[in-house]
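Here is how the chains run, residue by residue.
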Amino acid sequence: MSVNILAIESSCDDTSCAVIRDGLLRSNVIAGQKVHEAYGGVVPELASRAHQQNIVPVVSEALRQAGIAKEELNAIAYTRGPGLLGSLLVGTSFAKGMAIGLDIPLIDVNHLHAHVLSQFIRETPDDEVPCFPYLCLLVSGGNSQIVLVRSASDMEILGQTIDDAAGEAFDKCAKVMGLPYPGGPHIDRLAAEGNPDRFLFSKPRIPGLDYSFSGLKTSFLYTVRDGLKENPDFIEENLSDLCASLQKTIVDILLNKLKKAIKETGVKEVAIGGGVSANSGVRDGVKALCERLKIKAWIPERRFTTDNAAMVATAGYFKYLKKEFGRLDNPPFARVSL
Ligand code: KG4
């Protein structure tokens, strides 16, 4: 008999629902929230309200696209955290209500596990997946981590940011240049036409495998401030070069530690995940590094890099197979590690 799992993701500002059958993705519906654009960042209370508006149509559409009736579901997976508490409460409560109504088990999923396991999203039985152990560079708006993935449930953080995440560095520098939120994709687009060697920004010198992006952010701010003193049109006249140089610096910082981690662990496969793994410089850089080191690179499809329920369903399926079910009195967690 087939195993059908419906998964809900509502940790930040995307309401998403996915359905998988026997580990293969049948649907993945995502409703974004335009309401935050005017504020230059996600407004938690508005996000919770938008999730309330979106969740019923998103879940109905995911079931419709999957061609699976709710009575055929075997479990409900949901993101328990980390994320914005109000947003998580919407998905958590909905998942619990659905599990009670259908009298089926509930599976709580760590959002970061789901990002790491996004390489296991399969649409056909022929889709390949990584072999354990592998390293995952998890880079998003809230995290920059190098994770050793020994199995779907055994992950170790080898290094992580001690201040800002890579996505924050992109977004905060984008704000300095007057680009809309989130700035990462805009910088990526503009960098394609710029000279990456035009500006030099400072890189952190911290030991081990940890990251730091706050010094780069300050160095970027000072370059722009000094440039504007000389020329009020400094940003407009140098926009693509600023973006290209910033992106190159962020990619160099990320790859430097990743290379070190590959050497220290001796892994033969590397994956990337999280919103910043959509970045062209990060994708090309990781591919080139792995080619040089003759190891396998797993670069996700862009639609699976940002928040989506397909990855929650996939992580939930691993737990379903081990019968690791959640409890109805489990609260969501705003903060939780891998
Ligand atoms: O994983 P994610 O969707 O959620 C959070 O952790 O919040 O990541 C969002 C982050 C934002 O900082 C956004 O600017 C960044 O991912 N991002 C990118 C690109 N696409 C999204 N950064 C650089 N280049 C991109 N193409």
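Note that the coordinates shown come from a computational prediction; the quantities given were computed from them, not determined experimentally.

The rules behind the values
Residues numbered from 1 in each chain as written. Predicted model: local features only at pLDDT ≥ 70, side-chain atom pairs only at ≥ 80, totals over all residues. Heavy atoms only, no water. Phe/Tyr/Trp six-rings, centres within 6.5 Å; stacked < 30°, edge-to-face > 60°. Helix = DSSP H or I, 4+ residues; strand = E, 2+ residues; numbered from the N terminus. Buried < 20%, exposed > 50% of the residue type's maximum accessible area, 1.4 Å probe, protein only. Pairing = 2+ DSSP bridges. Axes fitted to C-alpha atoms, helices over the stretch in contact; angles between N-to-C directions. Contact = heavy atoms within 4.5 Å. Core = buried A, V, L, I, M, F, W, Y, C linked by side-chain atoms within 4.5 Å. 1 Å grid on protein atoms, 1.4 Å probe; cavity = no way out; pocket = protein on both sides within 12 Å on 5 of 7 lines; lining within 4 Å. Points joined across faces, edges and corners; volume = space filled by probe spheres on them. Nonpolar A, V, L, I, M, F, W, Y, C, P; charged D, E, K, R; others polar.

J.: If you had to explain the packing of aromatic side chains to someone new, which residues and values would you point to?
T.: Taken as a whole, this structure holds nine aromatic pairs when the rule is applied. A centroid spacing of 6.3 Å and a plane angle of 45° characterise the contact between Phe120 and Tyr134, whose relative ring orientation is tilted. Here the residue Phe120 occupies a position in the loop between α3 (111-116) and β6 (134-139), and Tyr134 occupies one in strand β6, the gap between them amounting to 14 residues. A residue is classified by how much of its surface remains accessible, and Phe120, at 9% relative accessible area, is buried. Arranged with centres 5.2 Å apart and planes meeting at 55°, the rings of Phe201 and Phe220 form a pair that is tilted. Pair noted here: Phe201 is in the loop between α5 (184-191) and α6 (214-230) and Phe220 is in helix α6, with a separation of 19 residues, a long-range link.

J.: How would you summarise the sheet that holds strand β3 (residues 24-31) if you had to cite specific residues and measurements?
T.: The five strands are arranged β3-β2-β1-β4-β5 in an open sheet whose pairing can be described as mixed. Every interior strand has two partners, whereas the edge strands, β3 and β5 (106-110), have only one. Pairs of neighbouring strands in the sheet enclose a mean axial angle of 20°, with direction left out of account. Note that strand β2 (residues 15-21) and β3 share seven bridges and pair antiparallel. Note that in β3 the partner of Arg21 across the bridge is Leu24. Against the sheet, helix α9 (residues 309-321) contacts β1 (4-9), β2, β3, β4 (75-81) and β5, and its axis sits at roughly 130° relative to β1.

J.: Any chance you could break down the nonpolar core for me, citing the residues and the numbers?
T.: Leu135, Leu137, Phe213, Ile250, Leu254, Leu258 and Val286 are the most contacted members of the largest nonpolar core, which totals 46 residues. Broken down by element, the residue count for this core peaks at 14 residues, all from helix α7 (residues 234-265). Setting aside chain neighbours within four positions, we find Leu254 in contact with Leu137, Val139, Ala166, Tyr211, Phe213 and Val282.

J.: Kindly report on the layout of surface pockets, identifying the contributing residues and their values.
T.: Considering only enclosed or pocket space, the second largest pocket measures out at about 290 Å³ in volume. Contributing to the lining of the second largest pocket are 17 residues, with Asp108, Val109, Asn110, His113 and Lys319 lying nearest its centre. Those elements giving two or more residues to the lining of the second largest pocket turn out to be β4, β5 and α9. Looking at side-chain class alone, the lining of the second largest pocket contains seven nonpolar, five polar and five charged residues.

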